[in-house]
Each structure stands twice: as structure tokens, then as C-alpha cells.
Amino acid sequence: MPIAETPLDFAREWIEFQDPADTEHWIRADLTWLCSRWTCIFGRGCYGTVAGQASTGCCNHGAFYSDRADEQRVKVFIEKLTPADWQLYDLGHAPGGKLRVTAKDELDDEPRRKTRVHDGACIFANREGHPSGIGCALHAYALRVGLNPVETKPEVCWQLPVRREQEWVDRPDGTRILRSTVSEFDRRGWGEGGHDLDWYCTSSPEAHIGMEPMYESYAVELTALLGEPAYVELARLCRERMRRGLVAIHPATAASTAPPLAD
């Protein structure tokens, strides 16, 4: 039985800083989230977003590709998968060997392409009974060949549960900047249906058990989203904020029974 999730609305600490590599790029970061103890607990306590489907975690709706380049990058690695990597290998290929792994859907009222769904989950989600175990076939392949899953998976998959939003901002003095906001992809990030998920990890104390703060455990993903110079500065600011003492601690981290982090 899952421990009750914490509420979605609570105080957060934010910081905004200039990208050291680009004076026109500013980053607005949610320190409450990035300094939390959240960690992915798939396969070690994750209940899954759909009741009775812990083995497919949050991979139940298929992954929308961000653009054609994202789809083409992932396709390169799909073609490298073997039946040992991918439980639904045969289903993902037409009789002549052509891939059949995408579907058309709508996102924000616009037509988009995404990974196919089969039997209630993404076609790349290995289920119970697969010799290589449960989980994303593209993720498992990356680990098998020494790559980072950021290289092999659709962008939305490796970003979750970090939310990056970008907008051009016209300032009162006539200058213009690109602002990247990095925050928690909570239930609301899924749209109205997010409130109907049977369980979700970011607000669950059971998932706030990381042995390091999230900005460290997600260093690769944050670097991919922001660039290395911006991530290095973000990490420095997070460390300094934690040294001084975070005022608005994530309630799921506060409610966790995990031992304190070492200084």
C-alpha cells in the first residue's frame, strides 16, 4: 500500500542566473525540486502510474517525439535492438522487417508522432517474464553497450520528471533574453489526466530516498538540457543553497524516512 502523496501546492525556492556561455540566456531553477532527495525507484518500489502495472512504471501512454530529429536519433538505436534486448521485437517489425513502432496522436491540439502503445504500455517497455527483466528496451540497450540512456531514448523519456520550459522575454529596457525554466514535472505536467494517475513518484515520500540531491543524480540530464557551463553554475548555486540551509524543503523529502545526507 503506497504512502500518501504530499500536496501539489507548497512553497518553493527559485533562483535565476545568467548562462556563463551565453549572455542572452538566463536560467530560472526550482531549488526546492533540484535539491530534493527524489530518485527513480523503478523496479525497487515503484507502483506505476496505472494500478497493477508496476512493471511498466510511467511508460504507459507512449512517448511523444519532440521533433523529427528526436525520432530519427532514436530510430538509429531501435534498429540495433535484438530480441534479447526487446521483448516485443517481433511485434515492432512488419513481416518484411520494416519497423512499425510509431503512432499518430495529438498533443496540445497539434498532430504529433509517438511510440506505439501495446497492451497498455509503450511498445519498448519490457514486461514481466522477459529474460533481461522489466524496463525500457532502449534504456537497457544503452547500459549494455556503455552508453547513457540520454543518448538512446526519446527526449521526453529521459527528461522526466524534470520540466524545461523556454520563452523569449522582452525586458523593459528593450533587451531580449531566452529564459529556460527548470522545475518539477508533477502530476499537473500530465494535464488534466495527471490527477487520475493511480500513483506518481515526485510527490511520494517513498521516492525521496536518494543518496545525493537530485541536481547531482540528474547531472547528465540537466547538462543536456542547459549546456555544461550553465549546469556547472547551477550545481554551484545548489550546493551553496544547501550549505546555507534550504528554507522551502520539498514536502516529500521532508516526509521521507531516508537517513540524512552526509555533509
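Below: a short report on this structure. Since the model is a prediction, treat every value here as computed from it, not as a measurement. (Residues numbered from 1 in each chain as written. Predicted model: local features only at pLDDT ≥ 70, side-chain atom pairs only at ≥ 80, totals over all residues. Heavy atoms only, no water.)

Some thoughts on a negative patch on the surface
On the surface, E106, D108, D109 and E110 cluster together to form a negatively charged patch. In this structure, E110 sits in strand 4 (residues 110-115). (Patch = residues over 30% accessible without salt bridge, like charges linked within 9 Å, V, L, I, M, F, W, Y side chains within 5 Å. Areas by Shrake-Rupley, 256 points an atom, 1.4 Å probe, with all protein chains shown as cover. Salt bridge = Lys/Arg side-chain N within 4 Å of Asp/Glu carboxyl O. Lys, Arg positive; Asp, Glu negative; His and termini not counted. Charge placed at Lys NZ, Arg CZ, Asp CG, Glu CD. Helix = DSSP H or I, 4+ residues; strand = E, 2+ residues; numbered from the N terminus.)

Examining the pairing of strand 3 (residues 102-107)
The pairing of strand 3 with strand 4 spans six bridges and is classified as antiparallel. Within strand 4, the residue paired with D105 across the bridge is R112. Turn length for the strand 3-strand 4 hairpin, with the two strands adjacent in sequence and antiparallel, is two residues, and the turn residue D108 shows positive phi of about 55°. (Pairing = 2+ DSSP bridges.)

Thoughts on the side chain of S256
Counting through the fold element by element, S256 comes out in the segment after helix 9 (251-255). Using a relative accessible area of 13% as the deciding quantity, one classes S256 as buried. When neighbours within four sequence positions are excluded, S256 is seen to be in contact with P205, H208 and I209. (Buried < 20%, exposed > 50% of the residue type's maximum accessible area, 1.4 Å probe, protein only. Contact = heavy atoms within 4.5 Å.)

A word on the environment of I15
Turning to its location among the elements, I15 is positioned in strand 1 (residues 14-19). What makes I15 partly exposed here is its relative accessible area of 25%. As a C-alpha pair, I15 and R171 span 156 residues in sequence and 18 Å in three-dimensional space. Every residue in contact with I15, bar those within four places of it in the chain, is listed here: I27, R28, A29, L31 and L237.

Observations regarding the packing of aromatic side chains
Following the criterion strictly, the structure yields eight aromatic pairs and no others. Centre to centre, the rings of W38 and Y218 are 5.7 Å apart; their planes meet at 85°, and the pair counts as edge-to-face. In this pair, W38 is assigned in the loop between helix 1 (31-34) and helix 2 (68-78) and Y218 in the loop between helix 6 (214-217) and helix 7 (219-226), connecting sequence segments 180 residues apart. Measuring from ring centre to ring centre gives 6.4 Å for F77 and Y141, while their planes differ by 50°; the resulting arrangement is tilted. In this pair, F77 is assigned in helix 2 and Y141 in helix 3 (residues 137-145), connecting sequence segments 64 residues apart. Its relative accessible area of 14% is what places F77 among the buried residues. Of the aromatic side chains, those joined through ring pairs into one cluster are W33, W38 and Y218. Here the basic side chain of R28 rests over the ring of W14, its NZ or CZ set 3.9 Å away from the ring centre. (Phe/Tyr/Trp six-rings, centres within 6.5 Å; stacked < 30°, edge-to-face > 60°. Lys NZ or Arg CZ within 6 Å of the ring centre and 35° of its normal.)

Describing helix 8 (residues 228-244)
Between its first and last C-alpha atoms helix 8 spans 24 Å; for 17 residues at 1.5 Å apiece the expected length is 24 Å, and the two agree. All of the buried residues along helix 8 are A230, Y231, E233, L234, A235, L237 and C238. Of the surrounding secondary structure, the elements contacted by the buried residues of helix 8 are strand 1, strand 2 (22-30), helix 1, helix 6 and helix 7. Directly beyond the C-terminal end of helix 8, a positive phi value near 105° is found at G245. (Expected span 1.5 Å × (residues − 1).)

Remarks on unusual backbone geometry
For the bond running from L160 to P161, omega is 5°, close enough to zero to count as cis. Structurally, the position occupied by P161 is in the loop between helix 5 (155-159) and strand 9 (162-170). Positive phi outside glycine occurs at D119, with the angle close to 50°. On the secondary structure map, D119 appears in the loop between strand 5 (117-118) and strand 6 (121-122).

Describing the sheet that holds strand 9
Here we have four strands laid out as an open sheet, ordered 1-2-10-9, and mixed in their pairing. Edge positions in the sheet fall to strand 1 and strand 9, since each has one partner strand and no second. Between one strand and the next, the sheet's axes are offset by a mean angle of 20°, whatever the strand orientation. Taken together, the nine bridges between strand 9 and strand 10 (residues 176-184) define a ladder with antiparallel strand orientation. (Axes fitted to C-alpha atoms, helices over the stretch in contact; angles between N-to-C directions.)

Some thoughts on the pattern of salt bridges
Per the counting criterion, the structure on display carries 16 salt bridges. Via salt bridges that share partners, R12, D30 and E184 belong to a single interconnected network.

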